[in-house]
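Breakdown of the fold
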Amino acid sequence: MIDYINYYYDLYPLSINEIDDKYMFYINLEKYYFIIYDRNMEELDDLIKLNKKMIENGSLVSEIITNKFNDVVNNYNGKLYILIRVYVNDSKKVDIEDIMYMLNEKDIEDSYKNISRTHWTRLWEDKVDYFEYQMGHLIKKYPILYNTIDYYLGISENAIFYLKNVVSNYEGNVSLSVCHKRIGVNSTLFDLYNPLNLIIDYKVRDIAEYIKDAFFNDKDVNNILRIIYSNYYFDKLNLSLLLSRFLFPSYFYDMFESIVYNNESEGNIYEIIKKSSNFEDFIDNYIKTCNLQSIGWISKN
């Protein structure tokens, strides 16, 4: 690996540490990571363009480094890698203030088509179709998933319905921001500022996903919401978008995929199931606090 970095980057670290599937080294007290590129190649140009824009704006985002042949992606041992220079304390756990600081990134426009994820309805409908198809293959190998997935598919349909039929009734501006597929309470600043984790979406995405993860990790989500409300003003449209993301059970689908594809114990799904009623209470309280249109099946008297 040292010879590879020497040759392709004209960088000469004294040592390189392998951490999971990453390689880390220092040059003049600056930290570098050689990390796997596992996204679609058609997204690469947008990721590079966004990275340069964020650095110009003074962001703490890790910098994508080109090699001496002016290439960004490198083939090493049959896998694609990218070199990044890190500017943050990469081991610090993310909190809601870190997320809100990054969400204030300026001059983000809807020109990054290949990494835009604003078409929630289509994405969610595709996910529901996929998991409905998977149901027929679950009964023998994953009986717990088979017996619980109907509930979460039903919630997903509610989220899609709400997004289509309620959110569309509100007027307002929906701010685009640099976001992530997932960002949670166990994420680090390395994850937050890793340029390969970034997408473009509505600002409420990261907030909603962080809160859902916090809830299922037994954190004080009401205090997190108080911090958010003290820093942002959300109109009815953005409050409703937040609600639609609360409704969509991404946490279940993430766990599903970890069980089926990463051999995680199927019994771990019980950690989500046993909190489902309390999460309904949380959503119901959010609806009432924000004076949003009620959802019949979730409303508590």
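Preceding this paragraph is the structure being described.
Attention here is on the structure that accompanies the text. (Residues numbered from 1 in each chain as written. Predicted model: local features only at pLDDT ≥ 70, side-chain atom pairs only at ≥ 80, totals over all residues. Heavy atoms only, no water.)

With that settled, consider the pattern of salt bridges. As enumerated under the stated definition, the model contains 15 salt bridges in all. In the salt-bridge network here, residues are joined through shared partners; they are Glu30, Glu63 and Arg85. (Salt bridge = Lys/Arg side-chain N within 4 Å of Asp/Glu carboxyl O.)

Before going further, it helps to examine a negative patch on the surface. On the surface, Asp126, Asp129, Glu132, Asp150 and Glu157 cluster together into a negatively charged patch. Mapped by element, the contributors of at least two residues to the negative patch are helix H4 (120-135) and helix H5 (143-165). It is H4 that provides the largest number of residues to the negative patch, a total of 3 residues. The topology assignment puts Asp126 in helix H4. (Patch = residues over 30% accessible without salt bridge, like charges linked within 9 Å, V, L, I, M, F, W, Y side chains within 5 Å. Areas by Shrake-Rupley, 256 points an atom, 1.4 Å probe, with all protein chains shown as cover. Lys, Arg positive; Asp, Glu negative; His and termini not counted. Charge placed at Lys NZ, Arg CZ, Asp CG, Glu CD. Helix = DSSP H or I, 4+ residues; strand = E, 2+ residues; numbered from the N terminus.)

Glancing now at a nonpolar patch on the surface. On the surface, a cluster of nonpolar side chains totalling about 310 Å² of accessible area is made up of Leu60, Tyr87 and Tyr101. Structurally, Leu60 can be placed in the loop between helix H2 (44-56) and strand S4 (63-65).

Taking 1.5 Å as the rise per residue, H5 with 23 residues should run 33 Å; its terminal C-alpha atoms sit 34 Å apart, in good agreement. Buried within H5 we find Ile144, Leu145, Thr148, Ile149, Tyr152, Leu153, Ile155, Ser156, Ala159, Ile160, Tyr162 and Leu163. Contacts made by the buried residues of H5 are with H4, helix H9 (236-247), helix H10 (250-262), helix H11 (270-273) and helix H12 (276-289). (Expected span 1.5 Å × (residues − 1). Buried < 20%, exposed > 50% of the residue type's maximum accessible area, 1.4 Å probe, protein only. Contact = heavy atoms within 4.5 Å.)

Moving on to the side chain of Glu266. In this fold, Glu266 is placed in the loop between H10 and H11. Buried within the structure, Glu266 lacks any salt-bridge partner; Lys141 is the closest side chain of opposite charge, at an N-O distance of 9.6 Å. Separated by 2.7 Å, the side chain of Glu266 and the backbone nitrogen of Ile144 make a polar contact. Aside from chain neighbours lying at most four places away, what touches Glu266 is Lys141, Tyr142, Pro143, Ile144, Leu145 and Ile259. (Polar contact = N/O pair within 3.5 Å; in protein donor to acceptor, adjacent residues only side chain to side chain.)

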